[in-house]
Structures are given as C-alpha cells and as structure tokens.
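Survey of secondary and tertiary structure
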Amino acid sequence: MAIGHMKSWIKIGSFGLLGLLTLEVAARIEDAMRFQAPLLGAYSINTVFEPSPYGRSGRPGARYAKWSFNSLGYRGPEPAPGRINLLAFGASETFGLYEQPNGEYPRLLEQALNAPGGARYNVINIAVPGISIGRVDYLDHALQVSAARVVFVYPAPANYIGHGGAYCGQVATPVPTDLGLSDRIRLAGKLSQLIKAHIPEPVMTRLRRFSIWLDTRNLSVMDRVPEATVDAYRRDLECVVEHVRQHGAEPILLTHATYFHGTAGPEDLALLTAWRRFYPQLAEMGLLDLEERANAAVRQVAAANAVQLIDVAQQMPRGPRFFADFVHFSDAGAARMAQIITAALVANPTVLPATTAPAGGGR
Amino acid sequence: MLFNSFEFLLVFLPLVLLVYFLLPHRGQNVWLVIASCVFYASWDWRFLLPLICTTTLDYWVSRRLEHLSFTQAPREQRRRYLVISLVANLGLLGFFKYCNFFIASAAQLLHALGMDVPLPALNIILPVAISFYTFQAMSYTIDVYRGELHATRSFWDFFLAVLYFPHLVAGPIQRAATLLPQVCNPRRIERHRVVDGLHLMLWGYFKKVYIADNLSPIVNHVFAQGSASGGATVLGVLAFAFQIYGDFSGYTDIARGVAKVMGFDFVLNFNLPYFATNPADFWKRWHISLSSWLRDYVYKSLGGNRGGTARTYRNLMITMLLGGLWHGAAWNFVLWGCFHGAILVVHRASQRALAAIGSVFGSLPWAWAAIRILCMFVLTCYGWLLFRATSLRQVFEMTRALAHPGQGLDGPLFAQVGLIVAPLLLVQVLQWRAGELQFGRIAWIPAPLKVIAYALMVYAILFLGGAPQSFVYFQF
C-alpha cells in the first residue's frame, strides 16, 4: 500500500518535473527564435553588463531583447566612420528602458542632428543604468576611445541618496555580475515579468509600501537629503566639466526631468511610492525636493563654468504621455527630449563642431 | 468580467469555487446566484433588469401552464400563456437587438423609393447575452407547454439555471430539461470530473488566448480595408475561420470546464466542425446548442420535413435565416443565414448525385471523405466572409477579389497564420482520428508526451498569447 502510494507520488513528481523542463525549453527556444538568444546559459538584462575598473560597463557586442551593444560596449550601433562623435552620458534615463528599439533619446537626437544636411554626427550612448555622474574615470575612458567633441550630461540626482560624498576621485570597485534565479532560469524571469505586468496598481502600491516599511523598520527616514548630498552632486558636476574639457571636448549640462514636473498631487502618490521603493530612506516629497535642489546646482555649475545649459526639467511636460514611470521616458518623452536638445543646439549653433578635427586637447 | 481576464481567473473564480466547495447544496445554489449576479453586473448592473423580468415572467407562465395541465384546462387557454411568454421574450429581444436595425432598414427602403422620411434611431444599449438567455428561457416554457418538462416549484432554481455564470454570456444554450435537474439535485464533486473540467478550461484558454487573440489583429487588418486583394481576402477569411472557432469554442470549453469542476454537465457545443463533410453535418458539429434549438423549436414547429420537398426547403431556409438574424441585426448575418440555408437545400437536393460520385471512389473512401471535408471547409469559409464583412459592399468587393486568390498574397503573414493554427490542427487531427475529443484520454499517446503537450499549451497561454480581446460572441 505504502509502496503504491510512493509510486504514485514519484509519478506525479516526475511528470511535474517533465512539465517544468518543457516550459524551460520552450522559453529558451522562444528567446532563440525571437532574439537570437543562446539556447544554453543565462540570458537577461544583467548578462549584458560586466564588471569593469569603472564599476560595471556594457559587454561589447552583447544583446538582450531590444538592447544591443556595439563593439565599444555602448548601447546602440557602431559609430559610423568619418563623423563627429558626441557622447550622451547618464544613467538609465539616457540608456533607455521603455522606448521602442532605437527610440531612446540619444538615437533620436542623432537622427535629428543629421537630418538637415546629411549624416555628420554619431551620438554615442555611453549611459549605464545606475551610474553616478561623478564616475569620471568611466567618462575619461569613453572620451579617449571615441575622441568625442561634445558630451551631453544628463545626471540622475537620486543616485546620490545615502551616498557620503562625491564620486569624483574615488576609485571604483568592479561590480560583480550577480545573476539570480530569474537570470539563469528563463521561465522564472518570464513569470516574474508576467506577474509584475498583471498585478493591479493598487495591490502593487501596497506591496511597495510594505517593502519600504520592511526596509526602514530600523532606520530613520529623511524628509530631505542633507546639504552635503547636494554639495557632492555639485562637486561631481564640476569634476565632469573639468574632465570633459581636459579631453578637448565641450560639456552640455542638462537638468533632470521627472514625471511630476516639480509638484505632486494625491493622484501621484502611488508613483512616488514606486520611486521611493528604490530609496526607502528618503520620504516621497524628499525626492522632489532633491530634484529641485540638484537642478539648481546644475544651473549654478553651468553658469559658473560658462557651459551650455539645457533646462530639460523646465521644458519637459509632466505626465504619463512623456514618462513611462517616475523618471524614465516613454517613446513620446524620448522624442520630446531629442527635440528639446536639438532646439537648444539650433539656438546656439556654435556649440556643435562642424568638422571632425579635434577642438584641442589630447585624445 | 471576461473569462480571459486576471480578475476572473485570479480573484472571482477561486473565490467562487472556494466558497462553493464549503457549502451544502442549497447554499451552493444561493451562492451561485449571488456570484452570477456579480459576474453579469460587472458589465452593467442595469443589464440585470431585463433578465430578472423575463425569468420572473417565464417562471410564472410555466407555473400557470403546469397548473392548467394538471387541471386539464383547454389547450387554447394554455396556448394563451405560451403566447404571453413568447411575445415577452421575443419582444424584449426585438426591442433591444433589432429595433434600430429595422428603423434604419425602413429609412433606407423609403429613401430608395424616393421618400426621405426622418426616422430617428433609438439610443439603446444591447444587454450582453440577451440572445442566449431569452432562447434558454423560451425553451423552458415551450417544453412545459409541450408537456416534455415539469415546471419547477423553486423560482431560485429556475433563476440560477438561466443566470448561471459559465453559460450566461455566450452559451452553450442550456435546455432547462438538462440543466434544471442538475440545479435542483445535489451535485457530486469527483476527482475525475474536476480533472476533466481543468482539461477543458486549459484547452479553451489555449484556443482563445493563443489561437483567436493572435489571429484577431490579422483579421481586423484585412477587414478594415474597404477592398482587399484576392490573396488578402483568402488570408483574412482563413484567419477568421480559425479565430472565430478558437474564440467561440474556446469560450464554450472554458464554460464547460468551470461548470464541470462544480459538478455540472453542459452540452457539447462543438465537435470538430471543420471536419464536417456536408452542410447538415456541419450544423451537427458547429454551435450544436443553437442548431439543435433551432431544429427543435423553429424547424420542427414549421413542419420540418413532413410536408414534402418544397416545404422542407422552405423550412430550412426560414430556420437558417432566423439563425443568421439571431447572430445580429445586420444584413450580412441575414445573408450568412441564407447562404447556409441555400447550401443545406442544395446538399439535400443533390444527395443522390453525391452518392453516385462517392461510389466512383469505391476502394478509396478516405479520398472521397477528404474531398468532401475540403469542399465543406471552403464553403464554410465563404460563409465566414459574409459573417465578418462590415458591409454588403465589402461582401461584394471581397467576393469579386476571390476570382484571383493568389493576387497580393502576403507570404510571411500567411506563414504566421499557419504557425498559429498548426498546433490546433495537429490536436484536432489526433482527436478526429482517435474519435476522442479529450486529448488526455487518447490512449495511444504516451503519458510523458501528453505532459509535454500540456506544458506547451500552458506556455503558449502564458507567454505567446495575443493582446487580450473580448469574445466575439459576446456581441450576440
């Protein structure tokens, strides 16, 4: 009797295992057919980055779904020879998360700049999700390999929350590629995406609030970041300007835009909570306060160093049409971003070099 | 609340089942009435009002009929009550569904005659499922009138039989004779029935989410064009043939599966319809609950095949025309019904000739069967063109385009349709060959292969489905 019972459990178990195995194989075949993904090995957004002396960088030639990297390890196509290189430096907002393939703003900016008089510029998207603007060693390397003439700097202030000081001058430690279960087992990754996509927003907000509560049980929550944080941000911006100029290139500073355009009503609370989930130690309104102070710092640094400023935070409209979440652009938002930058360059045509000859300084 | 929505699958159904399994029989019925009201009211709570009115009236009429039958009252008196029920049900259906159609048609006719009479269209919202529940309620009073069924004493049992959420919105059209006893008597929850129910649900979701929802944008694209090329028409019609089958039979399977898990047995509504060898065979396989309803309550009431050849043909044409009109208030549905009536008549008239041709094949009966299946499929597909077209002009344009079926054929899109439909065809060929509709019960397929097939089905539902669409038959 017991043996019969056990046999039946073994049968159920092996069929269950076979079912799971089939699902995993199906997931791998689908990835291979849709994205030319390898059948074996891990395949997720985390596999396209690798540890580097600058923390982490894109893996040359890597691809994942709509994201593909060129041979330099930057998102997008190979820079076309004979063109003037311009860099777009920033974090995930610049890297592009939600836009259609080739819909991220550096790609659209390149198209816009090259539209009137034939192809002359490469806009190289050197952004890395989560990178702080003060990682100038990463920027130095990008300037060296690209001999870029202009750098669009779109900093993300939130990356300074909880950080002691400026990043500039600090030696980065390589960030190990930490592949979790959802990176290694394709089915787990797909299921987690499916669940996230279908959990109703009110439930998701409650889950996020619970997660924030768990994270801050033993912490004191800040209403606003200390002045030292904004100072660190300011010092890093100064440092970026200095390093870019050392390479004979010209920086263009952009203020940081958010979904909220500076103000948030009760209807925005769920989205603010979603944002805060990444920085639980800072209260929701503290995030908006940081944005305002950080953008003031950008304006100050631009003025003090005679750097062209593009006030994206002022010009980008608020709302879901332009933002897919709290800070990341939708397709329309990326298009508007490219439009804003192009308009600023048209208004001040001397900023963009007209020839490929270096403006000065070494490579 | 759609069967393919997460709120149904993850909240409504688990909650309903959980409470259902904990309750005794009468409690289960009360719970199902509440759940069905919530389900139906999720579209619009006002839709409940006509439903409550018709069921109350039909309950009262059937009780009166039962009483009159018991007291052996004159037939004329009983007939009066039946007429009340029929007028009320058909009047309700006519008002909500056909009023504007007839007003618009009258206006067009008057315009064609040179009289421009302004006939205002009424602002009527068509209650979801009205065609289904009026037919179900009518069949109950007709059966009681005919003495084929005893009227139930319990209003709530009758109300539940009509309102029961799995079949309410798009069938299968349940006859009271089969469903009421299941409502009145305690139901048995058995493991093999639950497994069968889950199988039906899985297969239904596969047909809806993977087949129908993936074909839907292709079909919409083709029929959105005023006039399509021959190749596009062929592609669109072929895709629609499988979309509507996947959509409607998928819904039915989910409904039957949910009901089975709760211990109810619903009638079979689809039996491999594209394997039909002739029009009569098709209607024994497609939307069986409607075709048998029309046969029993319309065709037979008209005299069926008892009055000679001409009357039989007339009765077939009238029945199919009404069947077409049941689907919607539009001339293309009328045309679709007429088309099916016509092919039924032609098939009936040419049976001898067909038998003679069949005898030529002698030792190759399978070849003759294959030819007949193919011919019937082509005819069915042309019927779907009439059904799906957005206007009579489009019917005309697309029919003309079919003279050049290869013109403008989009190869990759055709391959995409093939890729979507291939798993369905494969399973159906297996079902047809084995004579077994439940894939899991086909004996010669090894169990591990079945597990792999089920896992692939789950994968397709979860990750390869098209953008969620409403069920096509909800509009009827």
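Residues numbered from 1 in each chain as written. Chains lettered and ligands numbered in written order. Predicted model: local features only at pLDDT ≥ 70, side-chain atom pairs only at ≥ 80, totals over all residues.

The next subject is the overall build of chain A. Per the secondary structure count, chain A includes twelve helices and nine strands. Expressed along its principal axes, the backbone C-alpha trace of chain A runs to roughly 90 × 50 × 40 Å. Counting the 363 residues in chain A, one finds 39% classified as buried. In chain A, the proportion of contacts linking residues at least 24 apart, taken out of those at least 6 apart, comes to 76%. (Helix = DSSP H or I, 4+ residues; strand = E, 2+ residues; numbered from the N terminus. Buried ≥ 20, exposed ≤ 12 C-beta atoms within 10 Å, placed from the backbone. Contact = placed C-beta atoms within 7 Å.)

Along its sequence, chain A is organised into domain 1 (1-39) and domain 2 (57-174 + 193-347). Measuring from the centre of the C-alpha atoms in domain 1 of chain A to the corresponding centre in domain 2 of chain A gives 42 Å. (Domains from an automatic or database assignment.)

So, about the nonpolar core. Counting residues in each nonpolar core, the largest one holds 104 residues, and the members touching the most others are B:A161, B:L168, B:L215 and B:A239. Here the element with the most residues in this core is helix α10 (residues 230-261) of chain B; it accounts for 17 residues. Here B:L215 is in contact with B:A239, B:F242, B:Q243, B:V417 and B:I420, once residues within four sequence places are set aside. Counting residues in each nonpolar core, the second largest holds 87 residues, with A:I84, A:A158, A:C239 and A:V301 among its members. (Core = buried A, V, L, I, M, F, W, Y, C linked by C-beta atoms within 7 Å.)

Okay, helix α10 (residues 284-304) of chain A next. Residue and element names in this part refer to chain A. Between its terminal C-alpha atoms α10 stretches 31 Å, which fits the 30 Å expected from 21 residues at 1.5 Å a residue. Listed in full, the buried residues belonging to α10 are L287, L288, L290, E291, A294, N295, A297, V298, V301 and A302. Directly beyond the C-terminal end of α10, a positive phi value near 55° is found at A306. (Expected span 1.5 Å × (residues − 1).)

Moving on, we come to the interface of chain A and chain B. Every contact between the two is made by ten residues of chain A and, on the other side, eleven residues of chain B. Here the side of chain A that touches chain B gets seven residues from one element, more than from any other, and that element is helix α1 (residues 2-35) of chain A. The residue inventory of the side of chain A that touches chain B, partitioned by class, reads five nonpolar, three polar and two charged. (Nonpolar A, V, L, I, M, F, W, Y, C, P; charged D, E, K, R; others polar.)

This next bit is on the environment of A:I340. All names here are of chain A. Locating I340 in the fold gives a position in helix α12 (residues 331-347). Overall, I340 belongs to the buried group, with 20 C-beta atoms counted inside 10 Å. Expressed as a C-alpha distance, the spacing of I340 and Q315, which sit 25 residues apart in the sequence, is 7.4 Å. With sequence-adjacent residues up to four places away left out, I340 is seen in contact with I310, V312, Q315 and M316.

This next bit is on unusual backbone geometry. Across the chain, the bulk of peptide bonds are trans and the bulk of non-glycine residues have phi less than zero. All names here are of chain A. Unlike most non-glycine residues, A147 shows phi in positive territory, near 50°. Backbone geometry at A306 places phi at a positive 55°, although glycine is not the residue there. Along the polypeptide, A306 turns up in the loop between α10 and β9 (308-310).

All names here are of chain A. Strand order in the open sheet formed by five strands is β6-β5-β7-β8-β9, and the pairing between neighbours is parallel. One side of each edge strand has no neighbouring strand; the edge strands of this open sheet are β6 (121-125) and β9. Here the average twist between neighbouring strands, direction ignored, is 25°. For strand β7 (residues 150-154) and strand β8 (residues 250-254), the ladder comprises four bridges, and the chain directions are parallel. Residue pairing across strands places V153 opposite L253, the latter belonging to β8. (Pairing = 2+ DSSP bridges. Axes fitted to C-alpha atoms, helices over the stretch in contact; angles between N-to-C directions.)

Residue and element names in this part refer to chain B. Along its sequence, chain B is carved into domain 1 (6-187) and domain 2 (193-475). Each of domain 1 and domain 2 has a C-alpha centre, and these two points are 26 Å apart. In this assembly, 22 residues from domain 1 lie in contact with 23 residues from domain 2. Counting only elements with at least two residues in the side of domain 1 that touches domain 2, the list comes to α1 (6-22), α4 (75-112), α5 (130-146), α7 (165-168) and α8 (176-184). No other element matches the four residues that α5 contributes to the side of domain 1 that touches domain 2. Considering only residue class, the side of domain 1 that touches domain 2 consists of 13 nonpolar, seven polar and two charged.

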